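Notes for the structure review
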Amino acid sequence: MSERVYWRSADPDPEFTDREFLPGADEPPEGISRRTMLQLLGASVSLAGLAGCRKPVEAIVPYVDPPEHVIPGVPRRYATTIPLGGQAYGVIVESHEGRPTKIEGNPRHPSTLGASSVWLQAQILDLYDPDRSQTVLHTEEKQAEPKTWADFVAAWGEIAKAASANGGADLALLIEPFASPTLARLLAQFQAAFPQAKVVVWDPSGEEGSQARPVYHLDKATTIVAFDADLFYSHGNPVVQARQFADGRRLGTPAGEMNRLYVVESAYSITGAKADHRFAVAPSQIPAVLRALRNAVKGGGAADPTWVGALAKDLSAHRGESLVVAGGRWGALTPVVDEINAALGNLGQTITHHEARDAGVSSTWDFHRLIEAMRAGSVKTLVVMGGNPVYATPADLAFGEALKKVPQTIHVGSHVDETAGACSWHVPQAHALESWGDCRGADGTLSVMQPLILPLFGGKTSVEVLTLLATGQDRPGYDVVRETWATLLPADGFEKAWRTVLHDGMLADSALPALAPAVLDLSEVPAFKAAQPAQGGGLELLFRLSPAVHDGRYANLSWLQELPDSISKITWDNPLLMSPKTAQDLGVENEDVVEVEVGGKKVRLPVWIVPGTADGTLVATLGYGRTAAGRVGNDVGISVYPLWSSQLLWENPANKVQLGQPKPGFLPGVKVSKTGDTYTLASTQDHGTMEGRPVVREATLEEYRKEPHFASEMVEVPEVVPLYGSPNKYDAGHQWGMAIDLTACVGCNACTIACQSENNIPVVGKAQVLKGREMHWIRVDRYFSGVHKADAQPRVVFQPVPCMQCENAPCESVCPVAATVHDHEGLNAMVYNRCIGTRYCSNNCPYKVRRFNYFNFTKDTPEILKMANNPDVTVRSRGVMEKCTYCVQRLNRAKIDAKFAGRPLADGDVETACQQACPAEAISFGDLRDGNSRVVAAKKSDRNYALLAELNTRTRTTYLAGIRNPNPELA
């Protein structure tokens, strides 16, 4: 194997790598000694026992007529759809007596295939957010007064009557992107009622809409080149794309074939981390690289001797089986990408285009013109449906100032956010899980939204509000949606077809046919021939959506705020990211506060150094610094929207080939100055570090073919007498195990949030994360890899780490009260009411996967937020150790279901939360005694190895070593 070094921290000598825990992590709360703490814990256990002897007094109102099929304690599962960014994600929602508690992907739906993402998983917490808007508000003389929906209906009647006099010439509607037959129908009615009204669709994420939506088929692609496109997180249909990519890298034998991924980007993304070759390029140079690739593929110039030529050669060798993708901020370069794919015969194969039917697509040009009209006073009434444009818009557009010039403003949103506070009317918007509606997937697949619960705060759905705006009628969303589907389903047998759609969450075989997009020959386009490469030099500021809180819409969700960024491992903040060389040139270190100035605007941000960032590139993360997000999201991080400029927007929508001019994604001419201040950042990258040990194992495809058993041969496991006594012996029954494929894992963190949702894992806050006390039961470690630790452009590899479920468990032998024990199926279980908080088990765990509740993190949980808890899992209190249990509650539920069905438990009946959520299917779980199970097949792989096997802990969770497929010409 090639000699490479793996490390997790950019700091060459972290101060705590020789310690068991971070400073302060193993200390009791201030003012309490260990003896006092144990006394308190003992007293609390005793009191708990006494309280249990007393019968609680509760008032229970029974059902008069029990709902059909509802059995107390037995969850129901319903199919629905969650729209996000104009995409439709089909999901299955688990509900306990009418209370949604867990989201999973819908296996039938083409946009999820049974998997999910962090944003989909977090929708449960978003539903029960106690800071959601709870009443209609009307502001008069700067004082917001509570009103009713009936008050707003009456007020709109007067507004609509006045607007009808001139055809709605002074009326404007600003709405988020959508792909909904019902919303499209209602919008057409709105425009018919007010033909002169301005209707603008805009998305602050920077994705420009198109009437032809591309769908990428990575499962058909052998060679993939991504230009600043995070295919596995935010671009296109990331859930499915991660699955397709992983399917193209699964190796049954060393002779198997793999796809190859090239990524050209300025800052590390998880897609870049999975690349076989990654090229760090300044944002201003990406158009030039794409043009060079186009010329090399087309053969219009001399052969390119650089790595671009190697890419072109590899693409050309796989015509019809290759794919070139550019990220959303490079919408102006779409003609170049289309021409490359057309020249390679990829159109209709690895990429198909589908009509954006029933869609409202984002138009930055229309948004710009709307703001100009608002400033000019020609808009008298503005309705903002969804979104938060006062916060999330380029600063130089000054949307908030323009809004003040509109006499009548109406905001429809889930929170009383920055935009709601600036509007005269605010209407609470229902959550997707409370709404009737519909969506189309990227390929046009029709999906239905059905509510899992009545609106908790009386919110109105987008369908209901738009119905009122368009027709003046106050109608239930269910009636309006059924009215739409009456035209989509056959009249004969409509009820049966409608029930089937509700059951499946979608209409089978409803995808739209692929289109043949028009492809330009750019050699004949004057703008292309005249375009010059951007001049390099100087600092460039790159803006990116937050991988956690998106554009700020999820800022109040604590699960996402505490989720470590896949690359930087930062939580609860958005520092300015830069390369080691850039930091050296600027004379700054981690946590130094700098002032960033561009275009006369200034923002102060702390620095965080991330190897792999393009030199001269500064990365600013959007979505933070909210002032009206709620109790969790207010004043977390710093808003960089004041730096975001519209100077790089389209100048004219008719100029279809204005090449090299990107969407507002980066700005040149940035000045950075030191302030002398520092700011503490919470990063988990060194928590539980195991550096210096062969934890991550990977090889190239060529190396694997030469030495198939390299992973298991890296460490010699001695044959010794078990240190912890005789091996466990089990009677006939199930024996559970897990395998995690590092080749497939894309580091998206979906497993972490799915586990948090399933197992009622608390959030601890930034102060406790700084002490290493985060509670996640499964973490995704990020390792840099290079020839040496000072490598400025290292590779990245991800490794999910749950409890290893050791046979010879070091935690069991040191627990004085036998709180951690083996059960009859081989699980290392925790008995919570035995635990007295010595933490000996955590000290003795070589994998650092046990978490201790230092505080009662759930004691102040708002009542409505408690509804998100899974009733099948204990809500732990202060003073107990907790860890991964292989989702034992799911194991038991599957056994009960199989027993009632009168059949044995089959492979696949049990899926752990992390396994089920993983879009790449990197996690296998099942019965080790079932020779036909997927997990047994994985463990038979020659890539299978155990973590720290030399310790002879005999872990039931093992790993399949990672394999990359580099181009020999670029070795």
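Our subject is the structure that appears above.
A brief report on the enclosed structure follows. Computed from a predicted model, the values in this text were never measured in an experiment.

The next thing to look at is the overall build of the protein chain. Per the secondary structure count, the protein chain includes 27 helices and 42 strands. Within the protein chain, contacts between residues separated by at least 24 positions form 74% of all contacts whose residues are at least 6 apart in sequence.

Attention shifts here to the state of the cysteines. Per the stated rule, a full pass over the model turns up zero disulfides. C803 provides the cysteine sulfur closest to C806, a residue in no disulfide bond, and the two sulfurs are 6.3 Å apart.

Quick look at the packing of aromatic side chains now. For the coordinates displayed, the defined rule picks out 22 aromatic pairs. For the ring pair W736 and F925, a centre distance of 5.6 Å and an interplane angle of 10° mean the geometry is stacked. Remark: F925 occurs in strand 39 (residues 923-927) and W736 occurs in strand 32 (residues 736-741); sequence separation between them is 189 residues. When its relative accessible area of 2% is taken as the criterion, W736 is described as buried. Note on F925: relative accessible area 3%, which makes it buried. Its guanidinium or amino end placed over the ring of Y268, R278 lies 3.7 Å from that ring's centre, counting from NZ or CZ.

Let us now look at helix 21 (residues 750-758). Among the nine residues in helix 21, nine count as buried, and that is most of the element. Buried within helix 21 are the following residues: A750, C751, T752, I753, A754, C755, Q756, S757 and E758. Along its buried surface, helix 21 packs onto strand 4 (99-105), helix 2 (118-121), helix 17 (558-561), strand 33 (779-786), helix 25 (888-901) and helix 26 (913-917). Positive backbone phi, approximately 55°, marks N760, located one or two places after helix 21.

The strand order 2-3-4 describes an open sheet built from three strands, whose pairing is antiparallel. Because the sheet does not close on itself, it has two edges, and the strands there are strand 2 (76-84) and strand 4. Sheet twist, expressed as the mean angle between neighbouring strand axes with direction ignored, is 35°. The pairing of strand 2 with strand 3 (residues 87-96) spans nine bridges and is antiparallel. When the bridges of strand 3 are listed, P83 appears paired with A88.

What follows is about the environment of R773. Position of R773 relative to the elements: it lies in the loop between helix 22 (766-769) and strand 33. Overall, the relative accessible area of 4% leaves R773 in the buried class. Through-space distance from the C-alpha of R773 to that of R851 is 7.3 Å; in sequence the pair is 78 residues apart.

Okay, unusual backbone geometry next. Of note in the backbone geometry, A398 takes a positive phi value of approximately 50° without being a glycine. Topologically, A398 is positioned in the loop between strand 17 (381-385) and helix 12 (399-403). Residue class for A398 comes out partly exposed when judged on its relative accessible area of 26%. With a phi angle near 60°, W572 is a residue other than glycine that sits in the positive phi range. Considering the arrangement of structural elements, one finds W572 in the loop between strand 24 (570-571) and strand 25 (576-578).

Rules used throughout
- As a convention, each chain's residues are numbered from 1 in the sequence order in which they are written.
- Selection of residues for local features in this predicted model requires a pLDDT of at least 70, selection of side-chain atom pairs for listing and counting requires 80 or more, and totals for whole chains, interfaces and linings are taken over all residues.
- To get the side-chain values, take all heavy atoms of the structure and skip hydrogens and water.
- Note on conventions: DSSP H or I runs of at least 4 residues are helices, E runs of at least 2 residues are strands, and numbering of each starts at the N terminus.
- Residue contacts are counted whenever heavy atoms from the two residues lie within 4.5 Å of one another.
- Cysteine sulfur atoms that come within 2.5 Å of each other are treated as a disulfide pair.
- Working definition: rings of Phe, Tyr and Trp (its six-membered ring) pair if their centres are within 6.5 Å, and the pair is stacked with planes under 30 degrees apart, edge-to-face with planes over 60 apart, and tilted otherwise.
- When a residue's accessible area, from a 1.4 Å probe over protein chains only, is under 20% of the maximum for its type it is buried; when over 50% it is exposed; and in between it is partly exposed.
- Think of it as a cone above the ring: NZ of Lys or CZ of Arg counts as a charge over the ring if it is within 6 Å of the ring centre and within 35 degrees of the ring normal.
- Strand pairing is assigned whenever DSSP identifies at least 2 bridges connecting the two strands.
- Axis lines are fitted to C-alpha atoms, over the contacting stretch for helices. Their N-to-C directions set the angle, which ranges from 0 to 180 degrees.

Just distances and angles here, no functional claims.
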